[in-house]
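Examining the three-dimensional arrangement
So the chains spell out like this:
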Amino acid sequence: MTVPARPAALIPRPLMFWTGVALTCAGVAQHLWMFVESASMGFHMAMMGTSGVMWAAMAAIVVGVVVSGFAVVQPPGAGPAAAPAPAARTATAHRHRLIAILSFALMVDQMKPATLAFIQPGMRTEFHLGAAEVAWLPTVALSGTVVGSLVGGRAADHIGRRATILIASLLFLGTTVCGAMPTFGGILVMCALMGMAAGGMLPVVYALMTESLPPGRRAAIMVLQAGLTTTGGYMAAAGLAAVLVPLTGWRVLWFAQLPLVLVLIALNRWIPESAAFTALRSQAGRVPAATLFQRPQAAKTLVVSGYALAWGLVYWGFITFLPSQLESSGRGGMSAATLLFVSSLLSIPTCVVAAWLYMRWSARGTMVLYAGLTVAALLALAAVGTDGSRPVLLTAVMLLFAGTAGVIALIGPYTAEIYPLAIRGTAGGWAAAVGKSGGAFGPPLIALVLSAPGGMRTAAVFVALPMAVAGVAVAVRGSNPRAAAGHPGNTARLNAELDDLVRGEAVPAEKTTTATPAPGTEDTA
């Protein structure tokens, strides 16, 4: 006789959770007050030192985050933590709300790394840092995202999608005090923790989206979401920098994101746990992470890893040096700021087209197409060099941004769709970590290549080769998410089952075999 799982609360220990949030907010507020008090010094807190009050505030933040994080983990045997669904609301309305909330979460997530570009000039001035020293900031932050992606993805498969998203949000809340750190070392520590939160959020959101949307529509929605939230995050960070930095300096950019994080935590009420994940967890044991590298998942992992690594090398390696290469030649006619702005604008139509192709044509074909576009742009740059025709050069640069924007918009949703439910979070975390790892080794590697004969031409060919190999690998061995969807006539039945799961209602096992899939056999389309 099977004992039914008891219904789970949205937050298993609400008093503990909100106590931890209040404690964290108190610690953050104390740091914010110290920042306000530094106005008489031009908001240069490097002169203030670390006081006993600051240490006490940091201790409050650590304790608050740990307490709240423990409070959101569902106890064993609990049922799905589904958001309350008023009878007047339709399942479609619930999905629209979930898409909006998770898109907001991704935008907040993307603002964190985007802000790094805008704080470096002021930070260099305040701490009297050289170029080599300030280079540690993005390296440490991106290394944090690598660790966060691995840990967050694995946590999503152990404690759930909802709990992992909330823990990442709590880390966002605590690490806003990066804006009050009086030492460069303290800033590096906070940026590493912030990177861990950012890295942990991304793959988990894609896993939850995959398990919460109908198969026929989720592909386009997720690709659009991936691309547009990246753009929104960058533009929000740029807008805050343009308005606030001239008034109060670079530190305020971290505190300015505090209201957004608080809103995200408040919206947790409408982020349900994946009912499919909860059903699977109640039936099966944990699947080891090593499953990613065993048959039949090993081929998928190699293909996804190659695609993500090739993107990381192009984006974090080659594009990092592209603005300086163009400016030093005097022929590009584009400053670094202009290039970043063009990149953001191009990602909008690029992601719209990518979403349409992914849904209407072929997921695998779309990934190959954007990899090919990236390779073509790199080879064009290698052919013309920085001293070539200006129209051709700028066209190649814009195509490069379009190609890389499409690649990064596709890789997350694609990974979430092709892996079984039991290891979906782990796989998404692995793919994100591999892509972000380009930020750790890409810049020094490309700097070495740029010093070789040929300069940028050589570097363009160097990064085009792995992208070409990755595109071929996707074409030859890549999975097709649509292939597992079965006959198109199953769409209505799958949508009905999904509606039941979203509302927290059990789907009878004798009537369907897709509601509670076994590990490694879940329908991934």
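Here's what I pulled together on the structure shown here. (Residues numbered from 1 in each chain as written. Predicted model: local features only at pLDDT ≥ 70, side-chain atom pairs only at ≥ 80, totals over all residues. Heavy atoms only, no water.)

Section: the overall build of the chain
This is how it is decided: Under the scheme used here, helices are H or I runs from DSSP no shorter than 4 residues and strands are E runs no shorter than 2 residues, and both carry numbers assigned from the N terminus. To sort residues, take the accessible area from a 1.4 Å probe on protein chains only and compare it with the maximum for the residue type: under 20% means buried, over 50% means exposed, and anything in between is partly exposed. Here, two residues are considered to be in contact whenever any of their heavy atoms come within 4.5 Å of each other.
On a plain count of helices and strands, the chain comes out with 19 helices and zero strands. Split into buried and exposed, the 525 residues of the chain put 54% on the buried side. Pairs at least 24 residues apart make up 84% of the contacts formed inside the chain by residues separated by at least 6 positions.

Remarks on the pattern of salt bridges
Condition: Salt bridges, as used here, are contacts in which a Lys or Arg side-chain nitrogen is within 4 Å of a carboxyl oxygen on Asp or Glu.
Following the criterion strictly, the structure yields four salt bridges and no others. As a salt-bridge pair, arginine 161 and glutamate 211 come within 2.6 Å of each other at their nearest N and O atoms. You can see arginine 161 sitting in helix H6 (residues 161-174) and its partner glutamate 211 sitting in the loop between helix H7 (184-210) and helix H8 (215-248), a full 50 residues away along the chain. No difference in accessibility class separates arginine 161 from glutamate 211, as the two residues are buried. When the shortest N-O distance is used, the salt bridge between glutamate 211 and arginine 424 registers 2.9 Å. Here glutamate 211 is found in the loop between H7 and H8, whereas its partner arginine 424 is found in helix H16 (residues 424-436), with 213 residues between them in sequence. Using a relative accessible area of 9% as the deciding quantity, one classes glutamate 211 as buried. Taken together, the shared-partner salt bridges in this structure form one network comprising Asp157, Arg161, Glu211 and Arg424.

Concerning unusual backbone geometry
Going from arginine 295 to proline 296, the amide bond is cis rather than trans, its omega being 5 degrees. Along the chain, the position of proline 296 falls in the loop between helix H11 (275-283) and helix H12 (298-329). With a phi close to 60 degrees, phenylalanine 43 is a non-glycine residue in the positive phi region. With respect to the element layout, phenylalanine 43 can be found in the loop between helix H1 (14-37) and helix H2 (52-71). Backbone geometry places histidine 128, a non-glycine residue, at a positive phi of 55 degrees. Positionally, histidine 128 belongs in the loop between helix H3 (91-127) and helix H4 (131-134).

Looking at the nonpolar core
A general tendency of soluble globular proteins is for nonpolar side chains to be buried together. As a reminder of what qualifies: Among the buried residues, those of types Ala, Val, Leu, Ile, Met, Phe, Trp, Tyr and Cys that are joined through side-chain atoms within 4.5 Å form a nonpolar core.
With 139 residues, the main nonpolar core has Met123, Ile187, Tyr307, Phe318 and Leu400 as its most contacted residues. Ignoring anything within four residues of it in the chain, the contact list for tyrosine 307 reads Met367, Ala371, Val407, Leu410, Ile411, Ala470 and Val474.

Considering H1
To keep it simple, the criterion reads: Each residue after the first adds 1.5 Å to the expected span of a helix.
Here H1 spans 34 Å end to end across 24 residues, near enough to the 34 Å set by a 1.5 Å rise per residue. Of all the positions in H1, only Phe17, Gly20, Val21, Thr24, Gly27, Val28, His31, Met34 and Phe35 are classed as buried.

Some remarks on H8
What counts here: A residue's bend is given by the angle between axes fitted to the 7 residues ending at it and the 7 residues starting at it.
Along its 34 residues, H8 runs 47 Å from first to last C-alpha, staying within 8% of the 50 Å computed at 1.5 Å per residue. At alanine 242, H8 is bent by approximately 35 degrees, the largest bend along its length, and proline proline 246 sits one to four residues beyond. Once H8 ends, the next one or two residues include glycine 249, with phi positive near 90 degrees.

Things to note about the side chain of arginine 154
Relative to the helices and strands, arginine 154 is located in helix H5 (residues 136-158). Other than its neighbours up to four places away in sequence, arginine 154 contacts Val287, Pro288, Ala289, Gly425 and Thr426.

As for the packing of aromatic side chains
In this description, a pair of aromatic rings is defined by centroid distance and the angle of the planes. Condition: Here a Phe, Tyr or Trp ring, Trp counted by its six-membered ring, pairs with any other such ring whose centre lies within 6.5 Å, and the pair is stacked when the planes are under 30 degrees apart, edge-to-face when over 60, and tilted otherwise.
Applying the stated criterion to the full structure yields 10 aromatic pairs. For the ring pair phenylalanine 35 and phenylalanine 255, a centre distance of 5.4 Å and an interplane angle of 40 degrees mean the geometry is tilted. On the criterion of sequence distance, the pair formed by phenylalanine 35 in helix H1 and phenylalanine 255 in helix H9 (residues 252-255) is long-range, its members being 220 residues apart. By the burial criterion, phenylalanine 35 is buried, and phenylalanine 255 matches it. A ring pair is formed by tyrosine 315 and tryptophan 316, whose centres lie 4.9 Å apart and whose planes are at 90 degrees; its orientation type is edge-to-face.

Digging into the packing of H16 against helix H17 (residues 438-450)
Packed helix pairs are characterised by how far apart their axes lie and by the angle those axes make with each other. As a reminder, the rule being used: An axis is simply a line fitted to the C-alpha atoms; with a helix, the fit covers only the stretch in contact. Between two such axes, the angle follows the N-to-C directions and lies from 0 to 180 degrees. Convention used here: angles under 35 degrees read as roughly parallel, angles over 145 as roughly antiparallel, angles from 65 to 115 as roughly perpendicular, and any remaining angle as oblique. Each residue receives one of three labels: charged for Asp, Glu, Lys and Arg, nonpolar for Ala, Val, Leu, Ile, Met, Phe, Trp, Tyr, Cys and Pro, and polar for the others, Gly being one of them.
At a minimum axis distance of 6 Å, the contact between H16 and H17 shows a crossing angle of 20 degrees. On the basis of the axis angle, H16 is roughly parallel to H17. Facing Val434, Gly435 and Lys436 of H16, the residues of H17 in contact are Gly438, Gly439 and Ala440. When grouped by side-chain class, the residues that make up the contact of H16 with H17 number two nonpolar, three polar and one charged.

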